[in-house]
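Inside the fold
Listed below, chain by chain, are the residues.
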Amino acid sequence: MRRIWFVLGIIFVILIVIGMFLYFAMATPQKPRTGTEILNPIEGLTKEQAILQFNKDYISYLVFAIGGWKLHNPPLSDDTPKIKIVADSDTYVSEIIQGQISTHKGDIENEDIIIRTTKEEIVDIISSDNREEKVKESVSAGRTALELKAGYTTLFSKGYLSIYKDLTGESFTGSVIRIFAQ
């Protein structure tokens, strides 16, 4: 009888740990308060001016606009979400730290996803009134490419699931199920 209670206790603890992990992995933070949002850097510029003045602020705004502020560290980890954006021949990296987007020009080795597009396409997206729909259209038309670099567990635990689905209209969970079914 003791052995049964012991096994049931272990199963209960395992279920609680799994439940906590799923709760923290799937919890979406609230949209940042007014004043902490990133301002659109192309406000008042023509398309040509915006492309000529392209900088890291455009990338930060793009990442914010697609919901990058929702990303978070996996439970019990300090591994922050990192998105590499390749715009024409320039490479930028955005890191999300407690909902704040920090972008710099340069490369990184351990990115979670890579977004490949052109500066003109980014300007078109961030100047659009419906940015999410514009990104989805750009991805489906092949003008923007998303490459998942981190493992599915990492992507899931950092909150990329909803962003990926918003951008592509697809879910990468079907791929996970197929992988585990093999």
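In this text, all values refer to a predicted model and were calculated from it rather than measured experimentally. Here the residue numbers are simple positions, counted from 1 along each chain's written sequence. Only residues with pLDDT of 70 or above have their local features reported here, since the model is predicted, and side-chain atom pairs are shown and tallied only from 80 upward, although totals for entire chains, interfaces and linings are computed over all residues. In computing side-chain properties, one takes all heavy atoms of the structure into account and sets aside hydrogens as well as water.

Per the convention used, a helix needs a DSSP run of H or I reaching at least four residues, while a strand needs a run of E reaching at least two, with both numbered from the N terminus. Secondary structure assignment for the protein yields eight helices and five strands. Helices and strands in the protein line up, N terminus first, as α-α-α-β-β-β-β-α-α-β-α-α-α. Exposure classes here rest on a 1.4 Å probe applied to the protein chains alone. A residue is buried below 20% of its type maximum, exposed above 50%, and partly exposed in between. A burial count over the protein gives 38% of its 182 residues as buried. Residues count as neighbours in contact if any of their non-hydrogen atoms are within 4.5 Å of one another. For the protein, the proportion of contacts with a sequence separation of at least 24, taken over those separated by at least 6, is 65%. Per-residue and other accessible areas were derived by the Shrake-Rupley procedure at a 1.4 Å probe size, with only the shown protein chains allowed to occlude residues. As presented, the protein carries roughly 11100 Å² of accessible surface, and 56% of it is formed by carbon and sulfur atoms.

Quick look at the packing of aromatic side chains now. For any pair of aromatic rings, geometry is given as the distance between the ring centres together with the angle between the planes. Pairing of aromatic side chains requires ring centres within 6.5 Å, counting the rings of Phe and Tyr and the six-membered ring of Trp. Pairs whose planes differ by under 30 degrees are stacked, by over 60 edge-to-face, and all others tilted. Enumeration over the complete set of coordinates arrives at two aromatic pairs. Ring plane angle 45° and centroid distance 4.9 Å describe the contact between Phe54 and Tyr58, whose orientation is recorded as tilted. What links up through ring pairs into an aromatic cluster is the set Phe54, Tyr58 and Tyr92.

Where helix H4 (residues 119–127) contacts helix H5 (residues 131–141), the axes come no closer than 8 Å and their chain directions differ by 150°. For the element pair H4 / H5, the angle class is roughly antiparallel. Facing Glu121, Asp124, Ile125 and Ile126 of H4, the residues of H5 in contact are Arg131, Lys134, Val135 and Ser138. Here the contact of H4 with H5 is composed, by residue class, of three nonpolar, one polar and four charged. In this description, a line fitted to the C-alpha atoms serves as the axis of each element, helices being fitted only across the stretch in contact, and the angle between N-to-C directions of two axes falls anywhere from 0 to 180 degrees. Any angle between 65 and 115 degrees counts as roughly perpendicular, while under 35 counts as roughly parallel, over 145 as roughly antiparallel, and the rest as oblique. Only Asp, Glu, Lys and Arg are considered charged in this grouping, and only Ala, Val, Leu, Ile, Met, Phe, Trp, Tyr, Cys and Pro are considered nonpolar; every other residue, Gly among them, is considered polar.

Strand pairing is defined by DSSP finding a minimum of two bridges between the two strands. Spatial strand order, E3-E2-E1-E4-E5: five strands in an open sheet with mixed pairing. The outermost strands of the open sheet, each flanked by one partner alone, are strand E3 (100–105) and strand E5 (145–148). Sheet twist, expressed as the average angle between the axes of neighbouring strands with direction ignored, equals 20°. With four bridges joining them, strand E4 (residues 113–117) and E5 adopt antiparallel strand pairing. Of the residues in E5, the one forming a bridge with Ile115 is Leu146. In the packing of helix H7 (residues 160–168) onto the sheet, contacts are made with strand E1 (82–87), E4 and E5, and the angle to E5 comes to roughly 155°.

What follows deals with the pattern of salt bridges. Throughout this description, the term salt bridge denotes a Lys or Arg side-chain nitrogen within 4 Å of a carboxyl oxygen of Asp or Glu. Taken as a whole and judged by the stated rule, the model has 14 salt bridges. Residue Lys158 is joined to Asp79 by a salt bridge in which the shortest nitrogen-to-oxygen separation is 3.0 Å. Of this pair, Lys158 sits in helix H6 (residues 152–158) while Asp79 sits in the loop between helix H3 (56–65) and E1, placing them 79 residues apart in sequence. Lys158 gets classed as buried once you look at its relative accessible area, which sits at 1%. Judged by relative accessible area, Asp79 falls into the partly exposed class, the value being 29%. The salt bridge involving Glu111 is made with Lys84; its shortest N-O contact spans 3.9 Å. One end of the pair, Glu111, is in the loop between E3 and E4; the other, Lys84, is in strand E1, and 27 residues separate them in sequence. Of the residues examined, Lys84 reaches a relative accessible area of 10% and is grouped as buried.

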